[in-house]
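The chain contents come next:
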Amino acid sequence: MRDWVLHLDLDAFMAAVEILRNPELRGRPVVVVGGNGDPTTPRTVVATASYEAREYGVHSGLPMRTALRRCPDAVYLPIDLPAYESASAAVMTLLHTFPVTVEVWGLDEAFLGARTDDPEALARDIQRAVTDKTGLTCSIGIGDNKHQAKLAAQFEKPSGVSRLTTDTWPEVMGERPTTALWGIGAKTGKKLADLGLRTVTQLAAADPTELAARFGPTNGPWLRYLALGKGESTVTTTPWVPRGHSHETTFTQDLTDPAAMRAQIAALAVRLAAETEGRPVVRVTVKVRSAPFTTHTRQAKLPEPTHDAATIEQAALAVFDRFDHGRPVRLLGVSVEYG
């Protein structure tokens, strides 16, 4: 008997919920998109896609116009958040009936802490229960820590069970690109490649001092930490509390009127102020994406923590006024940081 970390990832979650509600969609390419579900709406992206749609190269984050070109015959549906929240709650409630510690990480994933001598058997039991009770399928990764379990859950999707441990890490992960690691995206991967660090093994052998000089004293060594297969091994039931909150809007047509931009900023700020749940705001940040695709952010620390919507709104507008408003705007966003 020993402690394990399992990562449960519901397969193509939103699309799977839609197929459960509409069985005639089974076997067809299904794409879930924001807004009203119209794939011709400019500047919308894919939220998720069924595995049939993924065979056409459609995936989360893909611009909808590209998805439509790749798979014109797919079924395109709008996001139905209440339906997904209900389905997620059913799964998470079910997980608590097993001898595991459940740490929910989102609508479609959770980490499980388990003490067992056969984690694969436990994973299969959980998979069967999820499918029997909810009709959904899931993939489960097993590891010594969250990082390993998270990666392992992606190895055999859908409905797979995979194990990745410290002992097998060099063999399984060594020759994979650095972007295969949880937390390293395309931009960071390119910067690492510019330093000659293209594989996980190369990053694991890198000089921490040189990484710190290039990526910062915290982020640099952390990248090597990931490449060594290390990660947090404690699974906790304590709910995650965000340090801040944000909202943004992408416009189907560029905004050119500064007054209209200010109205959008004000509306976003007021919306955020209503969602603080009693937590005081200490900092406000505004994001502006100009045409064609240039993004800038500016922020301001408030004189004192506040719950006052008018104060938060005025702070956001003051930050927005520091931008150059000579270019059309395709996206505006406001975020707040809690004290």
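Being a predicted model, the structure only gives us computed values, none of them experimental.

Cut-off values and rules
- Residues numbered from 1 in each chain as written.
- Predicted model: local features only at pLDDT ≥ 70, side-chain atom pairs only at ≥ 80, totals over all residues.
- Heavy atoms only, no water.
- Buried < 20%, exposed > 50% of the residue type's maximum accessible area, 1.4 Å probe, protein only.
- Helix = DSSP H or I, 4+ residues; strand = E, 2+ residues; numbered from the N terminus.
- Arc of directions from axis to C-beta.
- Salt bridge = Lys/Arg side-chain N within 4 Å of Asp/Glu carboxyl O.
- Polar contact = N/O pair within 3.5 Å; in protein donor to acceptor, adjacent residues only side chain to side chain.
- Contact = heavy atoms within 4.5 Å.
- Pairing = 2+ DSSP bridges.
- Axes fitted to C-alpha atoms, helices over the stretch in contact; angles between N-to-C directions.
- Patch = residues over 30% accessible without salt bridge, like charges linked within 9 Å, V, L, I, M, F, W, Y side chains within 5 Å.
- Areas by Shrake-Rupley, 256 points an atom, 1.4 Å probe, with all protein chains shown as cover.
- Core = buried A, V, L, I, M, F, W, Y, C linked by side-chain atoms within 4.5 Å.

Novice: Explain helix α11 (residues 219–227) here, please?
Specialist: For an α-helix the count is 3.6 residues per turn, leaving residues at separations of three or four pointing the same way. Within α11, the full set of buried residues consists of Gly220, Leu223, Leu226 and Ala227. Axial view of α11: buried residues confined to an arc of 120°, hence all on one face. Residue Gly229 follows α11 closely and has a positive phi angle near 85°.

Novice: Can you help me understand the pattern of salt bridges in this one?
Specialist: When the charged atoms of two side chains with opposite charge come close together, those side chains can pair. Throughout the structure, instances matching the rule amount to 16 salt bridges. The salt bridge involving Asp3 is made with Arg115; its shortest N-O contact spans 3.1 Å. Linking Asp3 in strand β1 (residues 2–10) with Arg115 in strand β6 (residues 109–116), this pair joins segments that are 112 residues apart in sequence. Two residues, Arg262 and Asp321, come together in a salt bridge whose shortest N-O distance is 2.7 Å. A residue pair is termed long-range when its members are at least 10 positions apart, and Arg262 in helix α12 (residues 258–273) and Asp321 in the loop between α13 (309–320) and β12 (329–338) qualify at 59 residues. Through salt bridges with shared partners, a single network forms among Asp9, Asp11 and Lys157.

Novice: Would you take a moment to explain the side chain of Ser162 for this structure?
Specialist: Relative to the elements of secondary structure, Ser162 occurs in strand β8 (residues 161–164). Residue Ser162 is classed as buried on the basis of its relative accessible area, which comes to 7%. Side chain to side chain, Ser162 and Glu156 meet in a polar contact 3.4 Å long. For Ser162, the contacting residues outside a window of four places in its chain are Ile140, Gly141, Ile142, Ala152, Phe155 and Glu156.

Novice: Help me understand the sheet that holds β12 in this model?
Specialist: Sheet strands pair via backbone hydrogen bonds, and the direction of the pair is either parallel or antiparallel. Strands sit in the order β9-β12-β10-β11 across an open sheet of four strands; the sheet is antiparallel. Of all strands in the sheet, those bounded by a partner on one side alone are β9 (244–255) and β11 (294–306). In this sheet, adjacent strand axes meet at a mean angle of 15° when their direction is disregarded. Pairing of strand β10 (residues 281–290) with β12, which is carried by nine bridges, proceeds in the antiparallel orientation.

Novice: How should I be thinking about a nonpolar patch on the surface in this particular structure?
Specialist: On the surface, Ile79, Leu81 and Leu107 cluster together to form a nonpolar patch covering roughly 220 Å² of accessible area. Note on placement: Leu107 falls in the loop between β5 (101–106) and β6. For Leu107, a relative accessible area of 31% corresponds to the partly exposed category.

Novice: Mind showing me how you'd approach the environment of Thr201 here?
Specialist: Within the element layout of this structure, Thr201 appears in helix α9 (residues 200–204). The class for Thr201 is partly exposed, based on a relative accessible area of 40%. Residues in contact with Thr201, not counting those within four places in the same chain, are Gly174 and Glu175.

Novice: Got a minute to help me understand the pairing of strand β7 (residues 138–143) in this structure?
Specialist: Looking along a regular strand, one sees the side chains alternate between the two faces of the sheet. The buried fraction of β7 amounts to six of the six residues, a majority that puts the element mostly inside the structure. Burial of the side chains of β7 extends over both faces: Cys138, Ile140 and Ile142 are buried on one face and Ser139, Gly141 and Gly143 on the other. Relative to β7, β1 runs antiparallel, the two being bridged by six bridges. Paired with Leu10 across the strands is Cys138, a residue of β7.

Novice: In this structure, what is going on with the side chain of Thr285? I would like to understand it.
Specialist: Examined against the element boundaries, Thr285 turns out to sit in strand β10. Looking at Thr285, the relative accessible area reads 15%, which means it is buried. A distance of 3.2 Å separates the side chain of Thr285 from the side chain of Gln299, its partner in a polar contact. Setting aside chain neighbours within four positions, we find Thr285 in contact with Thr297, Arg298, Gln299, Gly333, Val334 and Ser335.

Novice: Mind showing me how you'd approach the nonpolar core here?
Specialist: Side chains of nonpolar character tend, in soluble globular proteins, to be buried together. Counting 32 residues, the largest nonpolar core has Leu6, Leu95, Ile126, Val130 and Leu136 as the members making the most contacts within it. Among the elements of the structure, β1, α1 (13–21), α4 (81–95), β6, α5 (119–134) and β7 are those that each provide at least two residues to this core. Take this core: its biggest share by element is seven residues, from α4. With residues up to four places along the chain from it excluded, the contact list for Leu6 reads Ala110, Phe111, Leu112, Ala114, Pro119, Leu122, Ala123, Ile140, Gly141, Ile142 and Ala149. Core analysis: the second largest hydrophobic core is formed by 26 residues, Leu255, Ala269, Phe323 and Tyr338 among them.

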